[in-house]
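What follows is the residue order along each chain.
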Amino acid sequence: MLAGPPWVRYAVESQLLGLAPDVHPVLEDEAVQRVIRRLKSRETGLPALSSGKVHYTDTGKAYWDLFLLADIGLTVKDAGLEEEAEDVFRFQLPDGTFRIPPNVQPDYFCMSAILIASLARMGYRDDDRVLRYIRAIMSSQLTNGGWDCYGDDYGRDSCPMDDMNILMLLGNYESRREDPALNNAIDHLLAHREEGRHLYGFGTGKRFHALQYPAVKYGILRVLDVLSLYPYAVNSRSFIAMLDHVRSKGRNGRYTPEAAAYEYRDFDFGQMNEPSRWLTFLVNRIEQRAGL
């Protein structure tokens with residue numbers, strides 16, 4: 001992995017090896033520069049959110065470009081995105097929720113949490129606006145411990161996408177990682193794959209099990225990555241079974257994408273022809289967090 005491009009080396013050194021590498025080679029990388037330019041664009045980036053042209057399932061646009069930079073370990077300041085980050089908070093309502101065009105309603109935490117989780121990782125973790133959003137999330141938790149976009153409590157299952165993206169945000173906080181109030185939401189994600197049911201349109205079939213980054217619509221790597229933040233999850237049989245399934249796809253400890261988004265063709269996870277250092281890093285990060 002250390003023989004890879006600057007953005008992989010930076011993630012490995014900072015997140016796996018506990019070093020403090022120089023960020024400048026990452027910012028000078030052409031592929032990373034293109035992502036930053038897209039995030040600044042009024043057609044594809046954070047400023048484009050107000051136009052309604054950017055949906056949370058669009059790869060190569062605001063939601064997942066920001067997610068990528070956060071995953072590498074860049075801050076908003078590193079990327080020069082301070083003004084664009086403020087564009088996101090313009091959609092925040094007084095109660096802490098977000099109404100983002102074209103169709104992110106205030107209780108659609110599954111969508112807004114993607115952006116806010118990335119911003120939290122990129123230097124906004126203790127921002128009052130992010131903390132107010134988290135309070136709104138926690139106040140809407142269902143009695144079964146999870147979340148859904150309907151926000152009601154009529155005995156329905158929680159939505160796996162809501163649970164995953166909210167846990168992705170809350171996992172930024174050490175105090176939340178061992179909060180028993182989140183255990184039921186964790187259990188929902190763990191049980192979803194075992195039971196194999198479709199919930200809110202999200203299944204655990206072939207697409208779910210494919211190694212892909214980013215797993216925009218719901219995928220095993222992202223579920224594992226989120227759950228690996230929580231000690232309660234990593235000690236479970238279901239977590240180990242999911243991780244063993246991913247490991248079975250590796251060859252000599254390397255992992256090759258089984259699906260790829262064209263918009264990320266400049267990155268090694270954007271092709272399916274050879275092992276990806278980035279996917280290999282992700283699996284190693286999951287293993288390290290889980291103490292395996």
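Calculation criteria
Residues numbered from 1 in each chain as written. Predicted model: local features only at pLDDT ≥ 70, side-chain atom pairs only at ≥ 80, totals over all residues. Heavy atoms only, no water. Helix = DSSP H or I, 4+ residues; strand = E, 2+ residues; numbered from the N terminus. Rg over C-alpha atoms; globule rule 2.2 N^0.38 Å. Buried < 20%, exposed > 50% of the residue type's maximum accessible area, 1.4 Å probe, protein only. Lys, Arg positive; Asp, Glu negative; His and termini not counted. Charge placed at Lys NZ, Arg CZ, Asp CG, Glu CD. Axes fitted to C-alpha atoms, helices over the stretch in contact; angles between N-to-C directions. Parallel < 35°, antiparallel > 145°, perpendicular 65-115°, else oblique. Left-handed = near helix turned anticlockwise from the far one by under 90°. Contact = heavy atoms within 4.5 Å. 1 Å grid on protein atoms, 1.4 Å probe; cavity = no way out; pocket = protein on both sides within 12 Å on 5 of 7 lines; lining within 4 Å. Points joined across faces, edges and corners; volume = space filled by probe spheres on them. Nonpolar A, V, L, I, M, F, W, Y, C, P; charged D, E, K, R; others polar. Salt bridge = Lys/Arg side-chain N within 4 Å of Asp/Glu carboxyl O. Polar contact = N/O pair within 3.5 Å; in protein donor to acceptor, adjacent residues only side chain to side chain.

1. Points about the overall build of the chain
Regarding its fold elements, the chain presents 16 helices and zero strands. By the compact-globule yardstick of 19 Å for 292 residues, the chain fits well, its C-alpha radius of gyration being 18 Å. When each of the 292 residues of the chain is scored for burial, the buried share is 55%. Between the averaged position of the 34 positive side-chain charges in the chain and that of its 40 negative side-chain charges there is a distance of 3 Å.

2. A look at the packing of helix α11 (residues 183–195) against helix α15 (residues 237–247)
Two quantities define a packed helix pair, namely the angle between the axes and the distance from one axis to the other. Two numbers describe how α11 lies on α15: the axes approach to 9 Å, and their chain directions differ by 60°. Judged by the inter-axis angle, α11 sits oblique to α15. Here α11 runs over α15; the crossing is left-handed. Here α11 contributes Leu190, Arg193 and Glu194 to the contact with α15, which in turn contributes Arg237, Ser238, Phe239, Ala241, Met242 and His245.

3. Here we look at the layout of surface pockets
Over the atoms rolls a probe the size of a water molecule, and its path tells where empty space is left. Here the largest pocket is characterised by a volume of approximately 520 Å³. Looking at the largest pocket, it is lined by 20 residues, and the ones nearest its centre are Gln15, Arg121, Asn172, Arg177 and Arg289. Those elements giving two or more residues to the lining of the largest pocket turn out to be α1 (6–16), α4 (62–72), α7 (109–124), α10 (174–177), α13 (220–227) and α16 (277–290). The space that makes up the second largest pocket amounts to roughly 230 Å³. Around the second largest pocket, the lining residues are Met1, Ala3, Arg254, Asp268, Glu274, Pro275, Ser276, Arg277 and Thr280. Of the residues belonging to the lining of the second largest pocket, the class tally is three nonpolar, two polar and four charged.

4. Considering the pattern of salt bridges
Opposite charge on two side chains makes pairing possible when the charged atoms of those side chains draw close. Under the criterion given, the structure shown has 19 salt bridges. Of the charged contacts in the structure, one is a salt bridge between Asp179 and Arg176, with a shortest N-O distance of 3.9 Å. Because the salt bridges share partners, they merge into one network encompassing Asp71, Arg121, Asp225, Arg285 and Arg289.

5. Some details on empty space enclosed by the protein
Counted according to the given criterion, the structure contains one cavity of 30 Å³ or more. If you add up the space inside the largest cavity, you get close to 80 Å³. Lining the largest cavity we find Phe67, Asp71, Gln212, Tyr213, Pro214, Ala215, Leu221, Arg222, Asp225, Leu282 and Arg285. Elements that contribute at least two residues to the lining of the largest cavity include exactly α4, α13 and α16. Looking at which element gives the most residues to the lining of the largest cavity, the answer is α13, with three residues. Residues belonging to the lining of the largest cavity are distributed by class as follows: six nonpolar, one polar and four charged.

6. Thoughts on the environment of Asn235
Looking at the element boundaries, Asn235 is found in the loop between α14 (231–234) and α15. Take Asn235: its relative accessible area is 66%, and that puts it in the exposed class. Of note is the side chain of Asn235, whose polar atom sits 3.0 Å from the backbone oxygen of Pro231.

7. Structural notes on the packing of helix α6 (residues 82–89) against α7
At a minimum axis distance of 12 Å, the contact between α6 and α7 shows a crossing angle of 140°. On the basis of their axis angle, the class for α6 and α7 is oblique. The two elements α6 and α7 meet at a crossing, and its hand is left-handed. In this structure, α6 uses Glu82, Ala85, Glu86, Val88 and Phe89 to contact α7, whose residues at the interface are Leu115, Ile116, Leu119 and Tyr124. For the contact of α6 with α7, a count of residues per class yields seven nonpolar, no polar and two charged.

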